[in-house]
Amino acid sequence: MMLALQRLPDMMLALLYIAATAHALAPTAVPTRVDVAIAGGGLGGLAACAAMRARGIDAHCFEAAGELLRGSTGTGIMISANGMSALGAVDRRLPAAMRARGVRITSQKITKYGADGAEEKSVSMDATTFKDTFGHDQYNIAWSSAHEALADVVPPEVVHCGRAVAGATAAEGGVDVAFVDGSSVRAKLLVGADGIGSKVRSLVATGDDAPRYSGQLLWNAIVDSAALPLHGPGEVSFATTGVDGRAILAFDAGGGKTSWYLTLPATEAPRSAAAIADGSFGGFGRPGSTADLEASFARFPDALACLAATPPAEIFERRLGDRPPLGSWTGLDGRVVVIGDAAHPMVPSQGQGTMVTWEDAADLAALVAAEGASPAATKAFAARRGKRCDMVQKYSAASYMGKTSPTRQPRKIFRMLGNFRRIKQMYSWKHTLDELPGEPFARWAWSGPVVRD
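Residues numbered from 1 in each chain as written. Predicted model: local features only at pLDDT ≥ 70, side-chain atom pairs only at ≥ 80, totals over all residues. Heavy atoms only, no water.

1. A closer look at the side chain of Asp 322
- Position of Asp 322 relative to the elements: it lies in strand β17 (residues 316–322).
- If sequence neighbours within four positions are ignored, Asp 322 has contacts with Pro 211, Arg 212, Pro 345, Met 346, Gln 393 and Ala 397. (Helix = DSSP H or I, 4+ residues; strand = E, 2+ residues; numbered from the N terminus. Contact = heavy atoms within 4.5 Å.)

Below is the structure:
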C-alpha cells in the first residue's frame, strides 16, 4: 500500500493529504516542561515545530496572538526551488500541500516604462525551465494558505496561543521562558521565530540593533484575479517605471487570487513620510494611505487598477528594511537561538525571507535531532547558517524592487551575470544534514483557531 501511494502523482497525493486532515484534535494545557519552546506561530515557527516533531523532538509553539489562523495578511509568497527543498526536509507532506493550495508559475513578464508612462520594452520569459535549472518548479501561494498548510502538519495540542514571550532566564539544563500573561515553561532550548520585532532577539543581540530602513515604502494586497486581470494564469508580471525604487508587481497566487505590490521611494511619498514622522504609518487601512500612490502612479494604469480593485482597509503598508547582522545567533550559553526574521530580516525584493526561514527550520531540526536539544546543536546551526543568510540579506537589500539598471555596456552585462550568479546560489540550496522518512498524507488536522489555554 505504501509503495502504491508513493507512486501516485503529486496532485493525487495532495488530494489525499487534504482529505486526511478533515478531523480535529482538541488542544491541551500548556506543559510545564518541553524539549524545545518555539516563540512564534508564523511560517517559521510552525515549520520549526513541524520539522522537530517529524524527528521525534518534543517541540511546542507559543504564539502571541489569540488565534493562530488569522486570515489574509495581504501577502503572497513565491516558493522558489530552495524553499520547496526546505519544505521537503521539514515534512515530506508539505511540498504537495503547497502545490495543491498554490499555482505553478509558467511565465514571467518584465516591462520597462519611462517616467512618463510610455512602454519602452517588454519581455516574457518561460518559467517552466526552473525545474530543469534549479530542481523544482516555482509555486506561488497566499501567505494565509501556506500558513494553513503548515498548521495541518503540526498537532494542535502543541500550539499555544495568547502566549507572548516576556523574557527568559537560565535554568538548570535549559531556560525558563516567561510569558506576558504570567505563565511560564521550562525548555532545554528556546527558539525565537517571532519576526522582525523579535523579543527573543533581544536576548542574543548586542550593540546597536535598531532596524535599518532602506528609504523604500511598500503597499500590498491580495484580491480576486477576476477583479484585477493584470496577469495570465501562472504568470508573474513586474514593471519598472522610470523612477528608482518605484515598481509594480502582480502575480497569480493560486485559488483565483492575485497578489499585488507597489513600491515608492519615500522621496516620492510626502504624505506617507509625514505619517512615518507622526507614527501613524504602517499596517492595514490607514486613512489616506493611497494618496501618494495615486499621485506618483497617475500615468500607470496597472498601478491604478490595483488600487481600484482593493478596498482601502485591505491594503497593507510598511517601510522596507532589515536589521544589522547579529554577532551571535545564540544566547544564555547556547540555550536560546533565533531563526528567520528574528535572526536575519530581509528586504523582500527577492522573495527569500520565507525561503531561508524554512531552510533554517530544516537545518536546526536536523542538528537538534543529531546533537540533542543542547548548546552544541544551536552553535553548530549558527555556524552553518550565518554566511549564507548574510549573503541573501545583503543581495536582497542591494537589489531592491524597481532599482534602475545600467544602460551601458559592459556594466549592464556585469550586472546581469552577477544577478544570475546570486540567484543560482539562492535557488540551488539543498538540505543535506539528514533525510526524513516519508508519509503520503497528514495524521493531524487543523479545524480552526487554537484558543487561549
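2. A short note on the UniProt feature "domain: FAD-binding" (unreviewed entry) in the chain
- Those residues carrying the UniProt feature "domain: FAD-binding" (unreviewed entry) are residues 33–206 and 333–371 in this numbering.
- In the segment residues 333–371, helix accounts for 49% and strand for 8%; the C-alpha atoms at its two ends are 15 Å apart. (UniProt positions renumbered as here; feature names shortened; annotations may be inferred.)

3. A word on the sheet that holds strand β12 (residues 212–224)
- Ordered by their spatial adjacency, eight strands build an open sheet running β6-β5-β13-β14-β15-β12-β17-β16, and the pairing between neighbours is mixed. A strand with exactly one partner marks an edge of an open sheet, and here the two such strands are β6 (119–126) and β16 (283–284).
- Strand direction decides the pairing type here: strand β14 (residues 247–254) and strand β15 (residues 257–265), joined by seven bridges, are antiparallel. Along β15, the bridge assignment pairs Ala 247 with Thr 263. (Pairing = 2+ DSSP bridges.)

4. Observations concerning the pairing of strand β2 (residues 59–63)
- β2 sits mainly inside the fold: five of its five residues count as buried.
- Residues Ala 59, Cys 61 and Glu 63 point to one face of β2 and His 60 and Phe 62 to the other, with burial holding for every one of them.
- Bridge count for strand β1 (residues 33–39) against β2 is four bridges, and the pairing is parallel. Bridge pairing in β2 links Ile 38 to Cys 61.
- Read from β1 through helix α3 (residues 43–54) to β2, the crossover connection turns out right-handed. (Buried < 20%, exposed > 50% of the residue type's maximum accessible area, 1.4 Å probe, protein only. Right-handed = clockwise from strand over helix to strand, strands pointing away.)

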